[in-house]
Every structure is written in C-alpha cells, then in structure tokens.
Amino acid sequence: MVDRSKVRVVVAKPGLDGHDRGAKVVARALKEAGYEVIYTGIRQTPEQIVETVVQEDASVLGISILSGAHMVLIPKILRLLEEKGLKPGEDVAVFAGGIIPPDDAEELKKMGVFEVFGPGTPLKAIIEAVDKAVENLKRFGA
Amino acid sequence: MAEELDGLIDLALKGDKKAIARLITLVENDEEKAKEVIQRVYPLTGKAYVVGVTGPPGSGKSTLLDKLIKLARDEGHRVGVIAVDPTSPFTGGALLGDRLRMQRHSTDPGVFIRSMATRGALGGLAKATNDAIKVLDASGYDLIFVETVGVGQIEVDIVKTADTVVLVTVPGLGDEVQAIKAGLMEVADIFAINKADREGVEMVYLELKMALEFERDKWKELGWEPPIVETTAFTLRGVRPLWEAIKRHMEYMESSGRLRERRTFRAREEVKTIIASSVAKRVEERLAEGEAKELIDEVVERKLDPYSASRIVMEKLKEDLWR
Ligand code: B12
Ligand SMILES: Nc1nc2c(ncn2[C@@H]2O[C@H](COP(=O)(O)OP(=O)(O)OP(=O)(O)O)[C@@H](O)[C@H]2O)c(=O)[nH]1
Ligand SMILES: [Mg+2]
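This report concerns the structure included in the present document. (Residues numbered from 1 in each chain as written. Chains lettered and ligands numbered in written order. Predicted model: local features only at pLDDT ≥ 70, side-chain atom pairs only at ≥ 80, totals over all residues. Heavy atoms only, no water.)

**Thoughts on the sheet that holds strand β8 (residues 228-230) of chain B**
Residues and elements named next belong to chain B. Convention followed: Two strands are said to pair when DSSP picks up at least two bridges between them. Elements are defined by DSSP. Helices are runs of H or I of four residues or more, strands are runs of E of two residues or more, and each kind is numbered from the N terminus. Note on geometry: axes are C-alpha line fits, over the in-contact stretch for helices, and angles between N-to-C directions span 0 to 180 degrees. Two residues qualify as a contact provided that any one of their heavy atoms is within 4.5 Å of a heavy atom in the partner residue.
If you walk across this open sheet you meet the 7 strands as β4-β2-β5-β1-β6-β7-β8, and the pairing is parallel. Of all the strands in the sheet, the pair left with one neighbour each is β4 (111-117) and β8. Taken over all neighbouring pairs, the strand axes of this sheet differ in orientation by 20° on average, direction set aside. Contacts from helix α9 (residues 239-256) reach β1 (49-54), β5 (143-147), β6 (164-169), β7 (190-193) and β8, with the element oriented near 130° to β1.

Put into structure tokens, the structure is as follows:
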C-alpha cells in the first residue's frame, strides 16, 4: 500500500454552500487515517480549488457539495484540472460527496470522478476508496 | 530521471507553479532528490527575504499573514508562503489548516502558498522547510513568509530560517506569557499582540515592555529594540504598522550587517545538520554489519570496552564517509 503520510489530499467546498460539517468530518477522518489533508474552507471558486491542488501538489481532491450546484461546479473543476495538465484518475483522484442524486453521480463518474458519497456513508468506506484510487495514480507507479 | 528533473527546474525558474510544487514535494519526500534539486537551484537563491511568523496556537498567525500578503503585494513583492502545521505522532496524518485563512490569494499569480506538515520534526518547522524556501527563492519569490506551528518554548528553529522573526501573542494566555518571556523572547525581532479587540491587551503590552526593559543594554548594543505592535487581524487595525515594522527591521538588518551575520550563522547550522545526519546514517549502516555485531557481542561479554569498540568502528567509518 502507498504510504498515506506522503499522500496529500485537498478537501474543498465550492460555491456558496455553507454546509461544512461533512467536509470537516471527512477531512478529519482522512487525517486520522494518516493522510496529509489540506482543507480550503467554504466558498471557494473552481479556480481557487484547482490552484490549491496545483500549489499543494495534491494527489487527491475531495469536493463536498450540498447546495445542488454540483452539475455546474464539478464539471468546471474537472475541466480546469485538465487545463493544468492534471488528468482526473491519472494525476489526481477526484471524489465528491454531499447531496448528489444517483443519476448525477453516474454522470459525474463518467466525467472522471472516482466515486460519489452521500449522507450516512461510513468513514471507513471513504478511506478505503481513497486508498484504492491512490494506487491507480501514475505517480505511485500505476 | 536527471532529464526530467532538469525539465522541472527549467519550468520552475520560469514561474510554472505546478513545477515549483513538484520540486517542493521532491525535497520533502526524497533525500537523494532533495540533494540534486538544491545543488542545482542553490546558485540562484539568496535574493529572497524570509520573514518568520511564530507564536502560540490560535494566536492569529495565519489571519495576520493573509493581511500582510495583501500589503506586500500592493508594494509589488512576489510572495511565497510556507505554512507549517503538526503531524499527528499517532497516525502520521496531518490536517493543514493555515491555508484556509489565506485562500483569497491562491489565484494571485504573484503568490505561492504551500502547506507543510512537520513529519516528526520538533522545532516548529519541517525538515524540508529550508529547502522549500530555496525552491521558492530560485523561482523568483522575493519575500517569503514562514508560519511555524503554534509553538511553546523550545520550538525555536525559526531563528535558523528567518531573517526577521515576528512573534504573535494574544491577551489572556496566562502562563504562556511566561513561556514567551523564557524562550521565545530571545528569538523575536518584532512583537505583535493580536486580538487587540479583546480585553487584557494593556497587560500583555506592559509585561512585554517590562521584559524588554530588562535587556536594555542588549538592544543598545544591537541598535534594534523589538517594537510591540497591537493588531486586530479581523479589522486590519495595526496591521499596516506591523508591516512597517517588518520593513524597518529589514532595513536595519541590511544596513547594520546583521543580515550577513544571521545568514552566516544559518549557513553554518545548515552545513552542520547535513554533516551530522549523514554521519549518523553511516554509523547506523556500519553498526548493522556483521563485523560490528561481533564487536558489540564482545562488549556485552566484557571482552572489549565500548571505547575501544567505537574506536575500531570509527576507523572503518573514515572510508564510508568518502564513499
Ligand atoms: C445541518 C444542515 C444544515 C445546517 C448546516 C450547518 C453546517 N455548518 O454544516 C444549517 C442549519 C446551517 C443549514 C442551512 C441550510 N440548509 Co441545510 N441541511 C443540514 C442537514 C440537516 C444535515 C447536513 C449535515 O451536516 N450532515 C452531516 C454530515 C456529516 O453529512 P454530509 O455532509 O452528508 O457528509 C457525508 C456524506 O455526504 C459524505 N461527504 C460529504 N462531503 C464529502 C466530501 C468528500 C471528499 C467525500 C469523500 C465524502 C463527502 O461523507 C460524509 C460522511 O458520511 C441536511 C439534510 C441531510 N440529511 O443531509 C440539510 C440540507 C443539506 N440543507 C438544505 C438546505 C436547502 C439548506 C438551506 C438552503 C435552507 C434555507 N432555505 O435556508 C440553508 C443553506 C445554508 C448555506 N449557507 O449553504 C437541503 C439541501 C437541498 C439540496 N441540495 O437540494 C438539505 C438536503 C435538507 C433538505 N432535505 O432539503 N443546513
Ligand atoms: N477576536 C479576534 N480573533 C482573531 C483575530 N485574529 C484571528 N482571530 C481568530 O483566531 C482564530 C485563530 O486564527 P488563526 O489565524 O488560524 O491562528 P493561528 O495562529 O494561525 O493558528 P495555528 O496555526 O493553528 O496555530 C480564528 O478563529 C481567527 O478568526 C483578532 O484580531 N481578533
Ligand atoms: Mg495558522
């Protein structure tokens, strides 16, 4: 398994959504699991989020959205990542969580999101998914 | 691999943030790569001025930095930030929360912010902090802020890193003021009493003032007495005076020759650290070998004393060190 303490994770909250409990819970859980986690705080633009991933050289981006704007914000983030030469799934593993209906989740996965998690997801499941996604990244020898 | 590294360095020197970020990861994760990176970029460094911001947990270091970055940008500086937070000794993980207070600068092309975990280092910074500063310096960031973890008394590595050290304290700390007087006092060039919107500012001011008074002769000799600035990072009150104090200290450091002195001390510390860690590594390697194990057994069995045994190992070490 990849050494988690050398994997950097950005947990981000895009848009005007102020629901930050889930993001904080997930950030903390990943820290407890041994990851290095950078939390951006709320009200981030897609540009800010992608710049953060770049400057922090993160391998994982976790996006938390409960506002309903996910089908606008997440595709935009994915596009900006590509523009920076960061291919979702190869250079950076992208996760989403919050209130995201199943159909939208499917759509997002097709666009390159590794996994989408809704309310009540056990934190263990999230950690396991991150572990798995990280192993599939180029920089860790996949 | 060497070519890949060359490519990265070229891009970083042109200001490519992804390349700069990658280089910082390399110096953080990989000792051998760190050596290569630093050997190549070192000749291009030395242009940046490094300002350290330290102080107790939650005193407002990151919030103040956010405002200072703005003022520095207004004056045309290209600003780099290294913000250090602690690694959990139990899990090896870290939650790096400094950055979130400065996020509005993340899309500014003239600002580069990097969070860094201590990864076991105890002095308030990470082992790779100095190397990361060099990468930013070579990449054209001329003013670099370093935020330490929230520090107590013994974590004073910042003096080995920064040209100017700002100590941020707050009212209502009680015993921690004592700690500041005992240890951190020695390292501060400027004091900021943040959260001046709260009660008890005058108390802290007087305590600091008294402590400074005690060292009066020292300040006279140095030609610099640490100023005390009251700030409220929320409302910007006192932030500009703090920035002015930092600039005055920069000027003082240059004109008095103290900058050269401090950098000489730092270079010496850096060389010393590198020597000590490579020697320690060689010692471990030697002691892991069969021959050394036999020697150790002899020490256990009282056939050889520890001094003579180390003498024998040290003879061998001479060869190892030049390998
Ligand atoms: C608590 C809450 C609030 C609190 C928020 C407090 C805070 N600081 O977070 C308050 C009262 C402020 C609030 C306000 C509002 N809320 Co509200 N709120 C909720 C509620 C009841 C629970 C959310 C929560 O905290 N859950 C606990 C956390 C731990 O769960 P979670 O966020 O879902 O996270 C889990 C997973 O989703 C996933 N996950 C989440 N993020 C991430 C990220 C990554 C990387 C990964 C891997 C996983 C992951 O893992 C977590 C652990 O399982 C939900 C209903 C619900 N059941 O979800 C409504 C809900 C989210 N709110 C809703 C609304 C409409 C609002 C308001 C607009 C109401 C209004 N008209 O004023 C405001 C808007 C506030 C704002 N500025 O954005 C709607 C959203 C509807 C939608 N999206 O279509 C919901 C769904 C209620 C509903 N059924 O209508 N709300
Ligand atoms: N009342 C008041 N609160 C402030 C002020 N400056 C910062 N804070 C608050 O103090 C808390 C800690 O601020 P940070 O900037 O994160 O402090 P820090 O010193 O960087 O914290 P660590 O990095 O965790 O040691 C936050 O909730 C800030 O909003 C101030 O001038 N007045
Ligand atoms: Mg901080």
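That covers the picture; the talk isn't over yet.
**Considerations on the site of ligand 1**
All names here are of chain A. Filter applied, for reference: A cutoff of 4 Å decides nearness: a residue is near a molecule or strand if any of its heavy atoms lies inside that distance of it. Here a polar contact means two N or O atoms within 3.5 Å. Within protein one must be a hydrogen donor candidate and the other an acceptor candidate, and residues neighboring in sequence count only if both atoms are side-chain atoms. Note on residue categories: nonpolar means Ala, Val, Leu, Ile, Met, Phe, Trp, Tyr, Cys or Pro, charged means Asp, Glu, Lys or Arg, and polar means any other residue, Gly included.
Not every one of the 23 residues close to ligand 1 is listed here, only the nearest: Gly18, His19, Asp20, Leu66 and Thr121. For ligand 1, an oxygen atom lies 2.7 Å from a polar atom in the backbone of glycine 18. Broken down by secondary-structure element, the contributors of at least two residues to the shell around ligand 1 are α1 (21-32), β3 (60-65) and β4 (93-98). Taken together, the residues that form the shell around ligand 1 break down as 8 nonpolar, 12 polar and 3 charged.

**A look at the coordination of the cobalt atom of ligand 1**
Geometry sets the ideal angles at a metal, namely 109.5 degrees for four tetrahedral donors and 90 or 180 degrees for six octahedral donors. The following threshold applies: Only nitrogen, oxygen and sulfur atoms count as donors, using a 2.8 Å cut-off from the metal that widens to 3.2 Å for Na, K and Ca. Water is left out, so coordination shells may look unfilled.
Of all protein atoms, just one serves as a donor to the cobalt atom of ligand 1, and that atom is A:His19 (NE2), at 2.1 Å. Tracing the backbone shows A:His19 in the loop between β1 (8-12) and α1.

**Comments concerning the coordination of the magnesium ion (ligand 3)**
Residue and element names in this part refer to chain B. Spelled out, the test is: Buried means the residue's accessible area, taken with a 1.4 Å probe over protein chains only, is under 20% of the maximum for its type, while exposed means over 50%, and partly exposed covers the values in between.
In the first shell of the magnesium ion (ligand 3), the protein supplies Ser62 (OG), Asp98 (OD) and Glu147 (OE), at 2.0 to 2.1 Å from the metal. Site description for the magnesium ion (ligand 3): donor spacing in sequence, S-x35-D-x48-E. Note that serine 62 is positioned in helix α4 (residues 61-74) and aspartate 98 in the loop between β3 (94-96) and β4, a separation of 36 residues in sequence. Neither residue differs from the other here; serine 62 and aspartate 98 are each classed as buried.

Without other data, these values stay purely geometric and don't point to any function.
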